[in-house]
Amino acid sequence: QVQLVESGGGLVQPGGSLRLSCAASGSMFRLNIMGWYRQAPGNQRELVASISSGGRLVYVDSVKGRFTISRDNAKNTMFLQMNSLKPEDTAVYYCNADPLRTIISGALPGRYWGQGTQVTVSS
């Protein structure tokens with residue numbers, strides 16, 4: 001019913017910036033909570049940031065001060081501005097959303113997933 005499509009990933013040097021986008025389609029209802037997860041090969045899945053339809057923000061400590069999550073509720077789109085990127089940020093980044101729940105966590109994601117976009121930070 002709901003499709004989430006990420007874009008904006010790529011290769012960037014340490015200290016560089018990247019902006020990820022997530023576009024939702026296939027439904028007219030509001031996605032109450034949206035967020036970004038990331039996973040590198042051999043690593044556990046990690047919630048990077050989330051934002052509710054009312055603007056409540058959650059960031060993992062490792063990205064605070066460097067990443068900014070935002071959303072356009074009217075368009076059901078979400079963004080992740082990533083600055084001062086580090087090699088440890090290298091991962092596949094996944095858009096995640098839920099129409100009913102208020103919060104998401106690493107262990108309890110929302111119902112819908114995007115296909116992922118690769119972010120590689122390397123010199």
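In short, a report on the structure. (Residues numbered from 1 in each chain as written. Predicted model: local features only at pLDDT ≥ 70, side-chain atom pairs only at ≥ 80, totals over all residues. Heavy atoms only, no water.)

**So, the overall build of the protein chain**
Here is step 1: The secondary structure content of the protein chain amounts to 0 helices and 11 strands.
Here is step 2: Beginning at the N terminus, the succession of helices and strands in the protein chain can be written as β-β-β-β-β-β-β-β-β-β-β.
Here is step 3: Scaling as 2.2 N^0.38, a compact globule of 123 residues should have a C-alpha radius of gyration of about 14 Å, and the protein chain matches this with 13 Å.
Here is step 4: Considering only contacts in the protein chain between residues 6 or more positions apart, those separated by 24 or more positions represent 59%.
Here is step 5: Accessible surface, the protein chain as shown: approximately 6200 Å² in total, 51% of it carbon and sulfur. (Helix = DSSP H or I, 4+ residues; strand = E, 2+ residues; numbered from the N terminus. Rg over C-alpha atoms; globule rule 2.2 N^0.38 Å. Contact = heavy atoms within 4.5 Å. Areas by Shrake-Rupley, 256 points an atom, 1.4 Å probe, with all protein chains shown as cover.)

**Things to note about the packing of aromatic side chains**
Here is step 1: By the definition in use, this model includes 2 aromatic pairs.
Here is step 2: Between the aromatic rings of Tyr 37 and Trp 113, the centroid separation amounts to 5.0 Å while the plane-to-plane angle is 55°, which identifies the pairing as tilted. Note that Tyr 37 is positioned in strand 4 (residues 33-39) and Trp 113 in strand 10 (residues 112-113), a separation of 76 residues in sequence.
Here is step 3: Residue class for Trp 113 comes out partly exposed when judged on its relative accessible area of 34%.
Here is step 4: Ring geometry for Tyr 94 against Trp 113: centres 6.2 Å apart, planes inclined by 90°, an arrangement best described as edge-to-face. Of the two residues, Tyr 94 sits in strand 9 (residues 91-98) while Trp 113 sits in strand 10, which places them 19 residues apart along the sequence.
Here is step 5: One aromatic cluster is present, built from ring pairs that chain together Tyr 37, Tyr 94 and Trp 113.
Here is step 6: Lying over the aromatic face of Tyr 37, Arg 45 brings its terminal NZ or CZ to 5.6 Å of the ring centre. (Phe/Tyr/Trp six-rings, centres within 6.5 Å; stacked < 30°, edge-to-face > 60°. Buried < 20%, exposed > 50% of the residue type's maximum accessible area, 1.4 Å probe, protein only. Lys NZ or Arg CZ within 6 Å of the ring centre and 35° of its normal.)

**Quick word on the state of the cysteines**
Here is step 1: Taken as a whole, this structure holds 1 disulfide when the rule is applied.
Here is step 2: Paired by a disulfide, Cys 22 and Cys 95 hold their sulfur atoms 1.9 Å apart. Disulfide Cys 22-Cys 95: the torsion about the S-S bond is -75°, which places it as left-handed. Of this pair, Cys 22 sits in strand 3 (residues 18-25) while Cys 95 sits in strand 9, and the two are 73 residues apart along the sequence. Comparing Cys 22 with Cys 95, the two get one shared label, buried. (Disulfide = S-S within 2.5 Å.)

**Topic: the nonpolar core**
Here is step 1: With 28 residues, the main nonpolar core has Leu 4, Trp 36, Leu 80, Met 82 and Tyr 93 as its most contacted residues.
Here is step 2: Residue contacts for Tyr 93: discarding those within four places in its chain leaves Glu 6, Leu 20, Trp 36, Tyr 37, Arg 38, Val 48, Phe 67, Leu 80, Met 82, Gly 116, Thr 117 and Val 119. (Core = buried A, V, L, I, M, F, W, Y, C linked by side-chain atoms within 4.5 Å.)

**Observations concerning the pattern of salt bridges**
Here is step 1: Following the criterion strictly, the structure yields 4 salt bridges and no others.
Here is step 2: A salt bridge links Arg 38 to Asp 89, with the shortest nitrogen-to-oxygen separation between them at 3.0 Å. Residue Arg 38 is located in strand 4, and its partner Asp 89 is located in the loop between strand 8 (77-82) and strand 9; the two are separated by 51 residues in the primary sequence. There is no split in this pair, since Arg 38 and Asp 89 are both buried.
Here is step 3: Asp 89 is the salt-bridge partner of Arg 66, the closest N and O atoms lying 2.8 Å from each other. Separated by 23 residues along the polypeptide, Arg 66 in the loop between strand 6 (57-59) and strand 7 (67-72) and Asp 89 in the loop between strand 8 and strand 9 bring together distant segments of the chain. (Salt bridge = Lys/Arg side-chain N within 4 Å of Asp/Glu carboxyl O.)

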